[in-house]
Amino acid sequence: QVQLVESGGGLTQPGGSLRLSCTASGLTFSTTEMRWYRQTPGKERELVARITHGGVITDYADSVKGRFIISRDNGKNTVSLQMNSLKAEDTAVYYCNALPWYAGSMDDSYWGQGTQVTVSS
């Protein structure tokens, strides 16, 4: 059974930093692309960042580029999202997503339950 457990969400002021972590089990982590999504009420879930199975290639949404860093530790089956210079518009529920090598589409991926990030003064 695949399980993704997120942690690190919370409340911070604009300009602050948070680090999200997601630990995976039940899959071959080293051959799985990992992603972070976020969603606010009334909006589509959007891709924030992704990292390929070896950690060499990373992609970021334009809105977070230069502020967020995604990384992974295949020995610990963990993907992290370091969020710096946070803005109010970063407030959302952040979801960890795992896309195995055999997946044909996002329909075959796995999701965590999400962790709330709130940026407010």
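What you are looking at is a predicted structure, and each value in this text was computed from that prediction instead of being measured. (Residues numbered from 1 in each chain as written. Predicted model: local features only at pLDDT ≥ 70, side-chain atom pairs only at ≥ 80, totals over all residues. Heavy atoms only, no water.)

**Quick notes on the overall build of the chain**
The secondary structure content of the chain amounts to 0 helices and 11 strands. Along the chain, helices and strands appear, N-terminal first, in the series β-β-β-β-β-β-β-β-β-β-β. In terms of overall dimensions, the chain is globule-like: its C-alpha atoms have a radius of gyration of 14 Å, near the 14 Å expected for 121 residues. The principal-axis extent of the C-alpha atoms belonging to the chain is close to 45 × 30 × 25 Å. Evaluated residue by residue, the chain yields a buried proportion of 40% over its 121 residues. Taking all contacts inside the chain whose residues are at least 6 apart in sequence as the whole, residues at least 24 apart take part in 54%. (Helix = DSSP H or I, 4+ residues; strand = E, 2+ residues; numbered from the N terminus. Rg over C-alpha atoms; globule rule 2.2 N^0.38 Å. Buried < 20%, exposed > 50% of the residue type's maximum accessible area, 1.4 Å probe, protein only. Contact = heavy atoms within 4.5 Å.)

**Thoughts on the sheet that holds strand β8 (residues 78–83)**
On the basis of which strands lie adjacent, the open sheet formed by 4 strands has the order β1-β3-β8-β7 and antiparallel pairing. A strand with exactly one partner marks an edge of an open sheet, and here the two such strands are β1 (3–7) and β7 (68–73). Each strand of the sheet is rotated relative to its neighbour by a mean of 15 degrees, with strand direction disregarded. Relative to strand β3 (residues 18–25), β1 runs antiparallel, the two being bridged by 5 bridges. Within β3, the residue paired with Glu-6 across the bridge is Cys-22. (Pairing = 2+ DSSP bridges. Axes fitted to C-alpha atoms, helices over the stretch in contact; angles between N-to-C directions.)

**Comments concerning the nonpolar core**
Grouped together as the largest cluster of nonpolar side chains are 26 residues, with contacts concentrated most on Trp-36, Leu-81, Met-83 and Tyr-94. Only β3, β4 (32–39), β5 (46–51), β7, β8, β9 (92–100) and β11 (115–119) provide two or more residues apiece to this core. Contacts of Leu-81, omitting those with residues within four sequence positions, involve Leu-18, Arg-19, Leu-20, Trp-36, Val-48, Ala-49, Phe-68, Ile-69, Ile-70 and Tyr-94. (Core = buried A, V, L, I, M, F, W, Y, C linked by side-chain atoms within 4.5 Å.)

**A closer look at the pattern of salt bridges**
This structure, assessed with the given rule, holds 6 salt bridges. The residue Arg-50 makes a salt bridge to Asp-59 at a minimum N-O spacing of 2.9 Å. (Salt bridge = Lys/Arg side-chain N within 4 Å of Asp/Glu carboxyl O.)

**Some thoughts on the packing of aromatic side chains**
If you walk through the whole model with that rule in mind, you get 3 aromatic pairs. Ring geometry for Trp-101 against Tyr-102: centres 5.7 Å apart, planes inclined by 85 degrees, an arrangement best described as edge-to-face. On the basis of relative accessible area, Trp-101 is assigned to the exposed category, the value being 65%. Of the aromatic side chains, those joined through ring pairs into one cluster are Tyr-37, Tyr-95 and Trp-111. Here the guanidinium or amino end of Arg-45 rests over the ring plane of Tyr-95, the centre of that ring lying 3.9 Å away. The residue whose ring lies beneath Arg-72 is Phe-29, and the NZ or CZ to ring-centre distance is 4.4 Å. (Phe/Tyr/Trp six-rings, centres within 6.5 Å; stacked < 30°, edge-to-face > 60°. Lys NZ or Arg CZ within 6 Å of the ring centre and 35° of its normal.)

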